[in-house]
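# Structural features, examined
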Amino acid sequence: MAGYAAMRAQLENDLAARLEPGAFHIVMSDRNVDRLSKPTIIVKFDQVERHPNAQGVILARLVITVVSELTTPAEADFACDEHLDTMLAAIQPIRWVAFRDAQKAQYKSKYVCYDITVEAITAIKKEA
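Predicted, not measured: the structure shown is a model, and the values here were computed from it.

Next up on the list: the sheet that holds strand β4 (residues 98-107). With mixed pairing, five strands are arranged side by side in an open sheet as β1-β2-β3-β5-β4. With partners counted over all chains shown, the strands left at the sheet margins are β1 (25-27) and β4, one partner each. Between one strand axis and the next, the sheet turns through 25° on average, direction left out of account. When β1 meets strand β2 (residues 40-50), the two strands line up parallel, connected through three bridges. The residue of β2 that forms the bridge with His25 is Thr40. The strands touched by helix α1 (residues 4-18) within the sheet are β1, β2, β3 (57-67) and β5 (111-123), with β2 carrying the most contacts at an inclination of about 140°. Along the sheet, helix α2 (residues 73-91) makes contact with β2, β3, β4 and β5, crossing β5 at roughly 20°.

Among the 11 residues that make up β3, 10 are buried, leaving the element largely enclosed by the rest of the structure. Sheet topology note: the β2/β3 ladder contains 10 bridges and is antiparallel. Of the residues in β3, the one forming a bridge with Phe45 is Leu62. In this antiparallel pair of consecutive strands, β2 and β3, the connection spans six residues, and Gly56 shows a positive phi of 80°. For β3 and β5, the ladder comprises 11 bridges, and the chain directions are antiparallel. If you follow Ile58 over to β5, its bridge partner there is Thr122.

Helical periodicity: at 3.6 residues per turn, an α-helix aligns residues three or four positions apart in one direction. Spanning 19 residues, α2 covers 26 Å between terminal C-alpha atoms, matching the ideal 27 Å at 1.5 Å per step. Buried within α2 we find Ala76, Ala79, Cys80, His83, Leu84, Met87, Ala90 and Ile91. One side of α2 carries all its buried residues, which in axial view fall inside an arc of 155°. Looking at α2, the residues exposed on the side facing more than 90 degrees away from the buried face are Ala74, Phe78 and Ala89. Next to the buried residues of α2 lie α1, β2, β3, β4 and β5.

Let us look at the pattern of salt bridges. A complete count under the given rule lists six salt bridges for this structure. The salt bridge involving Arg8 is made with Glu12; its shortest N-O contact spans 3.4 Å. In this pair, Arg8 and Glu12 are both assigned in helix α1, four residues apart and thus about one turn of the helix distant. The exposure class of Glu12 is buried, given its relative accessible area of 3%. The partner of Arg61 in a salt bridge is Glu49, with the nearest N and O atoms 3.3 Å apart. Here Glu49 lies in strand β2 and Arg61 lies in strand β3, a separation of 12 residues in the sequence. Given a relative accessible area of 27%, Glu49 falls into the partly exposed group. What emerges from the salt-bridge pattern is a single network uniting Glu49, Arg61, Arg100 and Glu119.

The rules behind these values
- Residues numbered from 1 in each chain as written.
- Predicted model: local features only at pLDDT ≥ 70, side-chain atom pairs only at ≥ 80, totals over all residues.
- Heavy atoms only, no water.
- Pairing = 2+ DSSP bridges.
- Helix = DSSP H or I, 4+ residues; strand = E, 2+ residues; numbered from the N terminus.
- Axes fitted to C-alpha atoms, helices over the stretch in contact; angles between N-to-C directions.
- Contact = heavy atoms within 4.5 Å.
- Buried < 20%, exposed > 50% of the residue type's maximum accessible area, 1.4 Å probe, protein only.
- Expected span 1.5 Å × (residues − 1).
- Arc of directions from axis to C-beta.
- Salt bridge = Lys/Arg side-chain N within 4 Å of Asp/Glu carboxyl O.

Right under this line is the structure:
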């Protein structure tokens, strides 16, 4: 895998290809979204560390945040659980990432979301 920005973009593209067209708004950068009109996906890097068993190998953790656009707590909670199922099904066939965990959270203190962590292995880029 190339650089980290390319890795994030590839994950966004792989997810978009596996999700129903138009079902989710995919935000192509780690930025805040003020108002949501449909379920939203935000992909960002969480952590990059040396792989514990291999010199020169990087373990990159990315977080896929899937946010329900609903603001009624019970409806948002149910919808977010459904979105989690959809996202896990979309992640499963992507062979270059591995699902690690999912944590229920709040987005902007208004929306319910899941932060889904996936891991990818890459190499340290060598300077030319």
